[in-house]
Amino acid sequence: PAAGRRRAYAGERSLRNGVVALIVIFNAVLLVYPIVQALLGSFHQWNPLNGTYRWVGLENYSDLAADPTFWTSLTNTAYFSVVVIALRVVLGLALAYAIWSRVTRHKTFFRAVFYMPTVTPMVAIAYVWKLMYNPQIGVFHSLLGIDLNWLHNSRWALPAAMTVWKDFGYAVILFLSALHSLPEDALEAASVDGASAWQRFRYVINPLLRPMTVFVVITSLISYVQAYVQILIMTEGGPGKSTYLISYIIFDEAFQKYDFGYASAIAFVLLVITAALTALSFSVSYRRSGGAR
């Protein structure tokens, strides 16, 4: 029996090591290698169509710093991300709290309704919303009666509304799961102390939901600084460059102009920005949770 157990343990260890090795290889091939390749390519004049791969040092980065289109896209990306993340968190938390505290029946139905757009392909939703924004046949024109060509107006073209509508259901599900896991004794203590519904939410529920809020913000941040599909389908960066986002510039430089070196420089800058903002979010969350004490 002892020998059998040793053989079984050895088999389990081999299987575990094999799975870990596959995960390491998978991440190395699909994550580490592209990052290294992009970093190296950013120091080259790189055009795969004609086989150009010539060292230019920091020329791509100096061109990037002097490129007004890049700074416009950076501003647009910051604006887009802040608006969408704020609305996603606020709407997601508000609806999750309403379902948790007010809805007594058919909660599964409400979860499914709000989550359904999240799992719908972005391409399909972007095309539908593009039709909805149409100034002749769009539903917004029919309902509001305003002759405004939404996607050709630089003030309104950035498709943040569609992105919020598609994605905030995911935040609803996450906040609902966090609300259902709240400690009952803390909620009961607040009720016994005579706290109003608003006071209970502000001083008890909201602080307990902070880890989930940070998680939603960080995952949203990583996603929205890389937003691309809705821009490509709905506006193609226009009108002018009012909806140029960083990811769209990477696509434009790499697959329209075939300047892979310059696109790699932008991609690496985007990687650094995303990593820095993620680290900052974790740091702020850590300090607020008292971990620095």
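The structure displayed is predicted, hence computed values, not measured ones.

**Details of the side chain of Q230**
Tracing the backbone through its elements, the reader meets Q230 in helix α11 (residues 229-234). Beyond its immediate chain neighbours, meaning those up to four positions away, Q230 contacts F80, M122, A126, P159, M162, T163 and T235.

**A few points about helix α9 (residues 197-208)**
A rise of 1.5 Å per residue sets the reference length of α9, with its 12 residues, at 16 Å; its end C-alpha atoms lie 15 Å apart and thus fit the reference within 8%. Taken as a whole, α9 has its buried residues at F201, V204 and I205. Take α9 and look down its axis: the buried residues cluster within an arc of 130 degrees, on one side only. Exposed side chains of α9 directed beyond 90 degrees from the buried face belong to W198 and Y203. Taken together, the buried residues of α9 touch α3 (68-102), α7 (160-180) and α8 (184-192).

**What to know about the environment of T235**
Relative to the helices and strands, T235 resides in the loop between α11 and α12 (246-256). Expressed as a C-alpha distance, the spacing of T235 and K166, which sit 69 residues apart in the sequence, is 17 Å. When residues no more than four places from it in sequence are discounted, the contact partners of T235 are L151, A157, Q230 and T243. A distance of 2.8 Å separates a polar atom in the side chain of T235 from a polar atom in the side chain of T243.

**Some words on a nonpolar patch on the surface**
A cluster of nonpolar residues, L31, V32, I35, V36, L40, Y53 and L271, forms a patch on the protein surface that exposes about 560 Å² of accessible area. Take L40: it is sitting in helix α1 (residues 2-41). Residue classification places L40 among the partly exposed positions, given a relative accessible area of 42%.

**Some thoughts on the confidence of the model for the protein chain**
Caution is warranted with low-pLDDT regions, since their predicted coordinates should not be read in detail. On average, residues of the protein chain carry a pLDDT of 84, and 92% of them reach 70 or more. Mean pLDDT across the elements of the protein chain bottoms out in helix α6 (residues 139-144) (75) and peaks in helix α2 (residues 59-65) (92).

**Structural notes on the pattern of salt bridges**
All chains considered together, the criterion is met by 3 salt bridges. Here D167 ties to K166 by a salt bridge, and the two come within 3.7 Å at their closest N and O atoms. Given a relative accessible area of 10%, D167 falls into the buried group. Each of the salt bridges in this network shares a partner with another, and the network as a whole consists of D252, E253 and K257.

**Quick look at the nonpolar core**
Judged by nonpolar contacts, the single largest core of 55 residues is most densely connected at F80, W100, F175, L179, I205 and I266. At the level of elements, α2, α3, α7, α8, α9, α10 (210-224), α12 and α13 (260-288) are the ones that each hand at least two residues to this core. Beyond its immediate chain neighbours, meaning those up to four positions away, I266 contacts L64, F70, I246, I249, I250 and E253. Grouped together as the second largest cluster of nonpolar side chains are 10 residues, W129, W150, I233 and M234 included.

**With respect to the pairing of strand β2 (residues 52-55)**
Here strand β1 (residues 44-47) pairs with β2 via 4 bridges, running antiparallel. Its bridge partner lying in β2, Q45 is registered against R54. Counted between consecutive antiparallel strands, the loop separating β1 from β2 contains 4 residues, among which G51 sits at a positive phi close to 75 degrees.

Reading the values: the criteria
Residues numbered from 1 in each chain as written. Predicted model: local features only at pLDDT ≥ 70, side-chain atom pairs only at ≥ 80, totals over all residues. Heavy atoms only, no water. Helix = DSSP H or I, 4+ residues; strand = E, 2+ residues; numbered from the N terminus. Contact = heavy atoms within 4.5 Å. Expected span 1.5 Å × (residues − 1). Buried < 20%, exposed > 50% of the residue type's maximum accessible area, 1.4 Å probe, protein only. Arc of directions from axis to C-beta. Polar contact = N/O pair within 3.5 Å; in protein donor to acceptor, adjacent residues only side chain to side chain. Patch = residues over 30% accessible without salt bridge, like charges linked within 9 Å, V, L, I, M, F, W, Y side chains within 5 Å. Areas by Shrake-Rupley, 256 points an atom, 1.4 Å probe, with all protein chains shown as cover. Salt bridge = Lys/Arg side-chain N within 4 Å of Asp/Glu carboxyl O. pLDDT = per-residue confidence, 0-100. Core = buried A, V, L, I, M, F, W, Y, C linked by side-chain atoms within 4.5 Å. Pairing = 2+ DSSP bridges.

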